[in-house]
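Coordinate analysis (summary)
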Amino acid sequence: MLSLLLGGFSLLGTSSAVTIYGQVPFAQTSGLGATATATSGQASPSQSLLPAYDETVLQPPIPPAEQSLAFTLNLASINTSVTGLSIMQHGSFYGFSIEMSVVTQLLGKNSSYLSVPLLNLLGQIQERAGGLHIRIGGNTQDFAYHIDSIDNGHATSKEKGDSNNPTQTPAVLYTDELFYLVKGISSLINVGWYFGIPFNDTNWRLQVAEKAQSILGDRLLGLQAGNEPDYYLNHGHRTKPYDVTEYTNEFDSLVQAIQNNPNVPVKNMLIGPSLASGPWEPDRLWPTGYLDKFKDVLKIITMQHYPTNNCFARFGVSTPVDPQSMFKNFLDHNAGVNLIERYLDTSARAQALGKPFIMFETNSATCGGLPGISDSYGAALWAVDYGLTMAAANFSGALLHVGGQNVYYNPFTAPPTNQSSFHQWTIGAIYYSVLVVAEVFGKSNVSQIIDTSNNGIYNPSYAVYDGGALSKVVMINFIDDASGAHDITGTFTVNGGQVPSEVYVK
């Protein structure tokens, strides 16, 4: 059956978790969800559940006709003879990308009212990883404006926009409280933060850089310069001509503005280019000299990408997606391998420059995810495999996107603000993926991983070396078969050492 095994060659505590369908607080409904199986990207409106609480359950793919039910991994006890090991990884490999417009729903009203459920969720990750990274941004960061105060002391406020139009992004207003809010979280949980400089035009509004640097200090990890700029023209945020040259010129203009601003003392913490690999692939940008020209101000090299989209159901653009037909695409190792293939060159370029390379925004499907897929156990396994595949390919991290109640893919969802005193948070499937990946790499920050998969696309496996010594093995079985006929047995041998008398399994 669908399963994940994490075996450790050192003493580990044990825990377990399950995904429960139907965690639906009363009254959290609209006309956007259902319990029926989905044949389009939008579930049937028979029960009127908001996407975050949708109960769609899909049928798993039929087990493959040919699949070896036993395999052997011959592993070296120390990493000196292992070729293809990753860079050093950290337990905070997976973090979160929180849409700026939902900050107060998730983080808290302001620095005096922090969200305790969120602190508990982040604390579970900290216990395993030692800390984590969170981005405050997304589409709404480009239209953010700093003001002195907001009614009722809120840190942010969203201006009205057309929720049915992906090109019409609402403005977000924010005050200094936004930075004191996240600083308050970091005083309790070891969280580092990314923010984005508004990029909707070149009249640079640098207050976010000024405030973040002065208030957060070393808790600020970087400042993003442009959110999916390859889509600016398509979304009506730029006029023709707009291509990689124009974006590079705008980035240069921002660099000059920061250099000339004494209130932004740290000049070399920019993040980019954050392409979505939609209209522009990375190799379209590199000939402009972007990396060489900005290597002294770029702290982190980033991309943003989703495996598919649900934009037709949400906005009437792109093409319709049938979640039932799409489900199988998430349930094999090729899903992650194919996703990262276009970024292997970027990863190598980042290493050559000595820069981290981060998948700065990702999840199961853009435009809010897919019913029956995005909050399923299958998606949880997919996210574990995708994360470990990225880590093995020398990505330095990845951020799973978090929206409001109108999306299917959230790792966690707060109840409506007016019901938060008596309704609880809902935990999504991929939150558990973050816990697993945190457990895989732990707190040492010297873990290295290698993809050891040798039993077909439905049975990926990985070996993890910590401080040079073999410490963990991860095995995933993507095949769903309740009869047990496709249960898989793995045999692990250790060369140059002895298999421990006890192996701890989660």
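Overview of the structure. Per chain, residue numbering runs from 1 following the sequence as it is written. Local features are withheld for residues below a pLDDT of 70 in this predicted model, meaning they are given only at 70 or higher, and side-chain atom pairs are given and counted only at 80 or more; totals for whole chains, interfaces and linings count all residues. Think of the side-chain values as coming from all heavy atoms in the structure, minus any hydrogens and water.

Notes on the side chain of asparagine 110
Each helix is a run of DSSP H or I of at least 4 residues and each strand a run of E of at least 2, with the numbering of both proceeding from the N terminus. Tracing the backbone through its elements, the reader meets asparagine 110 in strand S4 (residues 108–110). Throughout, exposure labels follow a simple rule: accessible area from a 1.4 Å probe, protein chains only, divided by the maximum for the residue type, with under 20% read as buried, over 50% as exposed, and the rest as partly exposed. Overall, the relative accessible area of 8% leaves asparagine 110 in the buried class. Counting of polar contacts relies on pairs of N or O atoms within 3.5 Å, with two restrictions inside protein: one atom must be capable of donating a hydrogen and the other of accepting it, and residues adjacent in sequence are counted only when both atoms are side-chain atoms. A distance of 2.9 Å separates a polar side-chain atom of asparagine 110 from the backbone oxygen of glycine 153.

Considering the packing of helix H2 (residues 116–129) against helix H13 (residues 429–441)
Whenever a helix is involved, its axis is fitted only over the stretch in contact; in every case the axis is a line through C-alpha atoms, and angles between N-to-C directions fall within 0 to 180 degrees. Across the interface, H2 lies against H13 with an axial gap of 8 Å and an inter-helix angle of 20 degrees. In terms of axis orientation, H2 runs roughly parallel to H13. Along this stretch, H2 crosses H13, giving a crossing that reads as right-handed. Across the interface between the two elements, Leu121, Gln124, Ile125, Arg128 and Ala129 from H2 touch Tyr431, Val434, Leu435, Ala438 and Glu439 from H13. For this scheme, ten residues count as nonpolar: Ala, Val, Leu, Ile, Met, Phe, Trp, Tyr, Cys and Pro. Four count as charged, namely Asp, Glu, Lys and Arg, and the remainder, Gly too, count as polar. Of the residues assigned to the contact of H2 with H13, the class counts are seven nonpolar, one polar and two charged. Working rule for angles: under 35 degrees goes down as roughly parallel, over 145 as roughly antiparallel, 65 to 115 as roughly perpendicular, anything else as oblique. Helix crossings get a hand from a simple test, with the near helix turned counterclockwise from the far one by less than a right angle marking a left-handed crossing and a clockwise turn marking a right-handed one. Contacts are assigned to residue pairs with any non-hydrogen atoms lying within 4.5 Å of each other.

Some points on the packing of aromatic side chains
Aromatic rings considered in pairs are described by the distance between their centres and by the relative angle of their planes. Ring geometry is summarised as follows: Phe, Tyr and Trp rings, the Trp one being its six-membered ring, pair when their centres sit within 6.5 Å, and such pairs are stacked at plane angles under 30 degrees, edge-to-face over 60 and tilted between the two. Applying the stated rule across the entire model yields 27 aromatic pairs. Taking the centre distance of 6.4 Å and the plane angle of 80 degrees together, the rings of phenylalanine 71 and phenylalanine 492 count as edge-to-face. Here phenylalanine 492 lies in strand S21 (residues 489–495) and phenylalanine 71 lies in strand S2 (residues 70–76), a separation of 421 residues in the sequence. Phenylalanine 71 gets classed as buried once you look at its relative accessible area, which sits at 6%. A centroid spacing of 5.1 Å and a plane angle of 75 degrees characterise the contact between tyrosine 194 and phenylalanine 360, whose relative ring orientation is edge-to-face. In this pair, tyrosine 194 sits in strand S10 (residues 191–197) while phenylalanine 360 sits in strand S14 (residues 357–362), placing the two residues 166 residues apart along the sequence. Definition used: whenever NZ (Lys) or CZ (Arg) falls within 6 Å of the ring centre and also within 35 degrees of the ring normal, the charge is taken to sit over that ring. For the cation-ring pair, lysine 109 lies above tyrosine 113, with the distance from its terminal atom to the ring centre recorded as 5.2 Å. For arginine 205, the ring lying beneath its charged end belongs to tyrosine 145, and the centroid distance is 3.9 Å.

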